[in-house]
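Report on the structure
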Amino acid sequence: MFSQKLKAQLREAIREVQNHPKPGVLFKDITPLINHPVLFGTLIDALKDRYKLHNIDFVVGIEARGFILGAALAYALQAGFVPIRKQGKLPYQTLSASYELEYGTDTIEIHADAFRELNDAHVVLIDDLIATGGTALASLELLEKLQAHCVEACFLISLNEFGGLEKVSEKASAFSVLEYDS
């Protein structure tokens, strides 16, 4: 599935941007990867292979880059796509979960009918990157509120120094294609 060669190609396609969005941050920019049709397709095919035997009903993408990965994966799996968005962005009845930030809290939401009344929907939660895990843990809380079964929380990139993947692993199966140490 994810050979060392593929992982090396993915790493090479991810651009690192110094001091974005603020000084001291090394931003992992996936836009060159998603701009590369063959490599992006290979990534989605490898993810499809990982989940194709799990009877996935929905792929749940976390705003915003999780939408890109999630919609493509949902299409590949012939599953529905469900967005998790920042508070106030979804137009219908929602459920919300809050999580801690460095200075304060933030809130995310999911549509109350996201899984079309399907009990125990089998879902993959996906985002481009996990650092501290706050957004992913809040997303898992939303899935639990809707009685969905999270087959796995999947991330393209894990920044291991922040411990988010480990925290998420305590609540659900978690997987990262690429891991970066400090």
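For the protein chain, an unreviewed UniProt entry supplies the name Adenine phosphoribosyltransferase and the organism Helicobacter gastrocanis. Quoted verbatim from the Sequence similarities (unreviewed entry) heading of the UniProt record, the comment on the protein chain is "Belongs to the purine/pyrimidine phosphoribosyltransferase family." The UniProt entry for the protein chain carries the following comment under Subcellular location (unreviewed entry): "Cytoplasm".

**Description of the layout of surface pockets**
Roughly 1300 Å³ of volume is contained in the largest pocket. In terms of lining, the largest pocket is formed by 37 residues, of which the most central are Arg-65, Leu-129, Ala-131, Thr-132 and Leu-159. Within the residue set of the lining of the largest pocket, elements represented by two or more residues are strand E2 (26-29), strand E5 (94-101), strand E6 (104-111), strand E7 (122-130), helix H5 (134-145) and strand E8 (149-159). For the lining of the largest pocket, the element with the most residues is E7, which contributes four residues.

Here is what the cut-offs are and how they apply
Residues numbered from 1 in each chain as written. Predicted model: local features only at pLDDT ≥ 70, side-chain atom pairs only at ≥ 80, totals over all residues. Heavy atoms only, no water. UniProt positions renumbered as here; feature names shortened; annotations may be inferred. 1 Å grid on protein atoms, 1.4 Å probe; cavity = no way out; pocket = protein on both sides within 12 Å on 5 of 7 lines; lining within 4 Å. Points joined across faces, edges and corners; volume = space filled by probe spheres on them. Helix = DSSP H or I, 4+ residues; strand = E, 2+ residues; numbered from the N terminus.

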